[in-house]
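Chain by chain, the residues:
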Amino acid sequence: MKDIEEGKIYFTKVQFDSWLWREFEGEERTLLLDLVNKELSYQVFKTFDKTSAIIDSYPALEEFIFPDGTKIQYYPSGPHSSGVYMKNEKTNFKPIFLHELPIGKKLIFSYGTELTEYEISLLKPYCDTNEFEKYRNRKMKPDEEGCIGYRDEINMEFCGISNSLLPIIKLPMDYYYDEKHIWPSEKLYRYVCENIISKNKILRKYIKYGSYSLFIRG
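Residues numbered from 1 in each chain as written. Predicted model: local features only at pLDDT ≥ 70, side-chain atom pairs only at ≥ 80, totals over all residues. Heavy atoms only, no water.

**A few points about the pattern of salt bridges**
Selection criterion: Here, a salt bridge means any side-chain nitrogen of Lys or Arg that lies within 4 Å of a carboxyl oxygen of Asp or Glu. The way it works is that DSSP assigns letters per residue, a run of H or I at least four long becomes a helix, a run of E at least two long becomes a strand, and they are numbered from the N terminus. The classification of residues rests on relative accessible area computed with a 1.4 Å probe and restricted to protein chains. Under 20% of the type maximum is buried, over 50% is exposed, and intermediate values are partly exposed.
Taken as a whole and judged by the stated rule, the model has 9 salt bridges. Between K46 and E27 there is a salt bridge, and its shortest N-O distance comes to 3.4 Å. One end of the pair, K46, is in strand 5 (residues 39–48); the other, E27, is in strand 4 (residues 25–34), and 19 residues separate them in sequence. On the basis of relative accessibility, which here comes to 17%, the residue K46 falls in the buried class. For E27, a relative accessible area of 12% translates into the label buried. A salt bridge links E179 to R190, with the shortest nitrogen-to-oxygen separation between them at 2.5 Å. You can see E179 sitting in the loop between strand 14 (175–177) and helix 3 (184–195) and its partner R190 sitting in helix 3, a full 11 residues away along the chain.

Here it is, written out as C-alpha cells:
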C-alpha cells in the first residue's frame, strides 16, 4: 500500500505467528492483518508431536536387587518399537509406556472481522516499512540496551509484506524493550491488542497483550 502524498510505503499484510509448547501438545496461533481488504483474522491450531511430549525418554531399563545386594539391569519384554517410555512429575517419576502419539495439527478456532476505514488510518503509522527496515536481519539479544523482559513458554515472529520491491521481512519477537528501544513490530502488535482486540468480545478471550511474559526488574 503506497501513500504518494507522504512518500511512504506501508505494509499491505502483516502477520504475527506464535508457537506455545506444553508437555504433550502445543498451539500455533496466527494473527493476520490485511490492510488492503480491511480484514483481521485469527486462527488457533492444536498441535501434536510425540517428540515434544517426551521429557525423559529412555529404554525400558529396569533394575533388580538380589538379597545379597547384587544389582542387575535388564529390559523387560514388550513391543518397544511401537512407542516410548517416559517419566516426569505427572507420572510421579515412574516410567510409563506411551504408544505412538499423533503428529500434526488441528484447527480449533478461526475468526475474521472487518476493519473500518478509521481503524485502518490509525494502523497505518505503525505499518511504515521504513521503520521496520532498520531491523531487517537483526537479532534480539537479552543483554543489549533497553531489553526489559521476554516471552516465556512461547515463541513469536512478525512477518510484513508490501506491494513494493521490498522483500518480505520477518522479525523475532522473543524479547521486550523499553519505550526508547521498542521494536516497531512490538509496537504494532501492542497497538492491535490494546485498541482492536480488546474491543472485540470474541477475540479478547484468546488474545491478551503481555501473556506469558517475564520482565526484568532493575
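Next comes the rest of the account.
**Some words on the side chain of S18**
As a reminder, the rule being used: Any two residues having at least one pair of non-hydrogen atoms within 4.5 Å are treated as being in contact.
Along the polypeptide, S18 turns up in strand 3 (residues 13–21). The exposure class assigned to S18 is buried, which follows from its relative accessible area of 8%. In contact with S18, not counting residues within four places along its chain, are E27, E28, R29, I154, N155 and M156.

**Some points on the pairing of strand 13 (residues 169–172)**
Note the following rule: Any two strands between which DSSP finds at least two bridges are classified as paired.
Of the two faces of strand 13, only the one carrying I169 and L171 is buried; K170 and P172 on the other face are not. Pairing analysis gives 4 bridges linking strand 12 (residues 154–161) to strand 13, with the strands arranged antiparallel. Bridge assignment links G160 to a residue of strand 13, and that residue is I169.

**Side note on the environment of I148**
Positionally, I148 belongs in strand 11 (residues 147–151). Of the residues examined, I148 reaches a relative accessible area of 27% and is grouped as partly exposed. It is 8.7 Å that separates the C-alpha atoms of I148 and L214, two residues lying 66 residues apart in sequence.

**Side note on the nonpolar core**
Quick note on the threshold: Side-chain atoms within 4.5 Å link the members of a nonpolar core, which is a set of buried Ala, Val, Leu, Ile, Met, Phe, Trp, Tyr and Cys residues.
Membership of the largest hydrophobic core comes to 35 residues, with the highest contact counts inside it found for V14, F16, L31, L40, L123, F158 and L188. Residue assignment for this core shows that the elements contributing at least two residues are strand 3, strand 4, strand 5, helix 1 (117–123), strand 12, strand 13 and helix 3. With 5 residues, helix 3 is the largest single contributor of residues to this core. For F16, the residues in contact, after removing those within four places along its chain, are R29, T30, L31, M156, E157, F158, M173, S185, L188 and Y189.

**Focus on the layout of surface pockets**
Threshold: In this analysis the probe radius is 1.4 Å and the grid spacing 1 Å, with only protein atoms considered; a cavity is a set of points the probe fits into but cannot get out of, a pocket is an open set with protein on both sides within 12 Å along at least five of seven lines, and lining residues have an atom within 4 Å of a point. Grid points are joined across faces, edges and corners, and a volume is the space filled by probe spheres set on the points. Note on residue categories: nonpolar means Ala, Val, Leu, Ile, Met, Phe, Trp, Tyr, Cys or Pro, charged means Asp, Glu, Lys or Arg, and polar means any other residue, Gly included.
In this model, the largest pocket occupies a volume close to 240 Å³. Surrounding the largest pocket, 18 residues form its lining, R29, I154, Y189, I207 and K208 being those nearest its centre. Counting residues per element, the lining of the largest pocket draws most heavily on strand 4, which supplies 3 residues. Looking at the lining of the largest pocket, its residues break down into 11 nonpolar, 4 polar and 3 charged.

**Comments concerning unusual backbone geometry**
Notably, K38 is not glycine yet its phi reads approximately 55°, a positive angle. Tracing the sequence through the fold places K38 in the loop between strand 4 and strand 5. Using a relative accessible area of 26% as the deciding quantity, one classes K38 as partly exposed. You will see that E153, though not glycine, has its phi angle at about 70°, which is positive. Mapping E153 onto the fold places it in the loop between strand 11 and strand 12. You can call E153 exposed: its relative accessible area is 52%.

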